[in-house]
Amino acid sequence: MKKKGQPKPPFHRPLRLIGMSSTNSNIAFKHYSNKQIMLLPPSLEELIIENHPVRLINQVIDQIDIDPLLKNYKGGGTSSFHPRMMLKVLVYAYINNVYSSRKIESAVKENIHFMWLAGMNKPDHNTINRFISERLKDVLKQLFAQVVLMLNQEGFLDIKDIYTDGTKIEANANKYTFVWGKAIQTSKDRISKQLQEIWDYTQEVAKEEILDKEPISFDQIDSQKVAKTIDQINELLKDKPVDKKVKQKLNYAKRNWPAKLDQYEQAEQVLNNERNSFSKTDNDATFMRMKEDHMQNGQLKPGNNV
């Protein structure tokens, strides 16, 4: 029982609108209930206005030939999300400046335009990343060319004048894993120079054994050539009085130089004589200066230039 003089709990007090008198009965509000059940719920088609850009994206992607993209599917196993649907979602995301796979994953669950494009499918961020990196990577230019030609046929653009967009997009990659083309060349030059110095030393110590051998050039080196040369030097210096530092350098070279040169060769294949750098965690990303430089120090970040 409530004791005498005890105040009533707050939830027993009548609710009032702040700044309004409870006696004001002339105010009318529209009915509101977020638990309203509809006999015939509206479709997403009805909720999207007729001239919305999402409808244009849907129409354009429906008309392009995606056979090049279908060739990247092996078949078998569980069913995959339809590539045309995935392509629509990605294109619409990109034109709305949404590049994060996690944000796209959220959009297909929460945004009616993405939900309509996806046909209520809900690919997660891992599926979206795999589609971009494994399915779409090698055919993107072919699909883009189809879109350009289609827009040209419809009179939306003139392909006599072509412009390249230089927009830079920051990549989701580790910014501390730089691989630079110049650094690779510098390291290879250093190995060539040191190998030449060891070979010159070997010529002095083992003159008689080298007299009938052809001169060796170390301008162009690879792992096999370096490994073979080091073995040859060790054989020539066997049973000879050799400087301790030279022995240490030979042991280090035998353990490390061939493996390093293999790594440099793989990195040069990624660079493909067209790029200056790449990220180890995202080979497609190149390090560049972004337009948005909050620190104002010219900081380099991994990114893509679309």
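Reading the values: the criteria
Residues numbered from 1 in each chain as written. Predicted model: local features only at pLDDT ≥ 70, side-chain atom pairs only at ≥ 80, totals over all residues. Heavy atoms only, no water. Helix = DSSP H or I, 4+ residues; strand = E, 2+ residues; numbered from the N terminus. Buried < 20%, exposed > 50% of the residue type's maximum accessible area, 1.4 Å probe, protein only. Core = buried A, V, L, I, M, F, W, Y, C linked by side-chain atoms within 4.5 Å. Contact = heavy atoms within 4.5 Å. Polar contact = N/O pair within 3.5 Å; in protein donor to acceptor, adjacent residues only side chain to side chain. Salt bridge = Lys/Arg side-chain N within 4 Å of Asp/Glu carboxyl O.

Asker: Got a minute to help me understand unusual backbone geometry in this structure?
Answerer: Of all residues except glycine, most have a negative phi; of all peptide bonds, most are trans. A positive phi angle is found at asparagine 97, which is not glycine, with a value near 60°. Take asparagine 97: it is sitting in the loop between helix H4 (83–95) and helix H5 (101–110). Judged by its relative accessible area of 58%, asparagine 97 falls in the exposed class. Positive phi outside glycine occurs at methionine 120, with the angle close to 70°. Mapping methionine 120 onto the fold places it in the loop between helix H6 (112–117) and helix H7 (125–136). For methionine 120, a relative accessible area of 42% gives the class partly exposed.

Asker: Help me understand the nonpolar core in this model?
Answerer: One recurring pattern in soluble globular proteins is that nonpolar side chains are buried together. In this structure, Ile64, Leu69, Val89, Ile104, Phe114, Leu136 and Leu143 are the most contacted members of the largest nonpolar core, which totals 32 residues. Only helix H2 (53–63), H4, H5, H6, H7 and helix H8 (140–153) provide two or more residues apiece to this core. If you look at the next biggest cluster of nonpolar residues, it comprises 24 residues, including Ile184, Tyr264, Ala267 and Leu271.

Asker: Any chance you could explain H7 here in plain terms?
Answerer: One full turn of an α-helix is made of 3.6 residues, so residues set three or four places apart face in the same direction. Those residues of H7 that fall on the buried side of the exposure criterion are His125, Thr127, Ile128, Phe131 and Leu136. Turning to H7, the residues buried within the fold contact helix H3 (67–70), H4, H5 and H8.

Asker: Quick question: what am I supposed to make of the side chain of serine 101 here?
Answerer: On the secondary structure map, serine 101 appears in helix H5. Taking relative accessible area as the criterion, serine 101 reaches 12% and is therefore assigned buried. At 3.2 Å, the side chain of serine 101 and the side chain of asparagine 129 are in polar contact. Apart from the residues within four sequence positions on either side, serine 101 is in contact with His125, Ile128 and Asn129.

Asker: Would you take a moment to explain the pattern of salt bridges for this structure?
Answerer: Applying the stated criterion across every chain yields a total of six salt bridges. Notably, a salt bridge pairs glutamate 45 with arginine 55, separated by 2.8 Å at the nearest N-O pair. A residue pair is termed long-range when its members are at least 10 positions apart, and glutamate 45 in helix H1 (residues 44–47) and arginine 55 in helix H2 qualify at 10 residues. With a relative accessible area of 39%, glutamate 45 lands in the partly exposed category. Overall, the relative accessible area of 19% leaves arginine 55 in the buried class. With its nearest N and O atoms 3.4 Å apart, the salt bridge here joins glutamate 105 to lysine 109. Highlighted residues: glutamate 105 and lysine 109, both in helix H5, separated by four residues, approximately one helical turn. The class for glutamate 105 is buried, based on a relative accessible area of 15%. Judged by relative accessible area, which is 43%, lysine 109 ranks as partly exposed.

These figures come from the coordinates and say nothing about function on their own.
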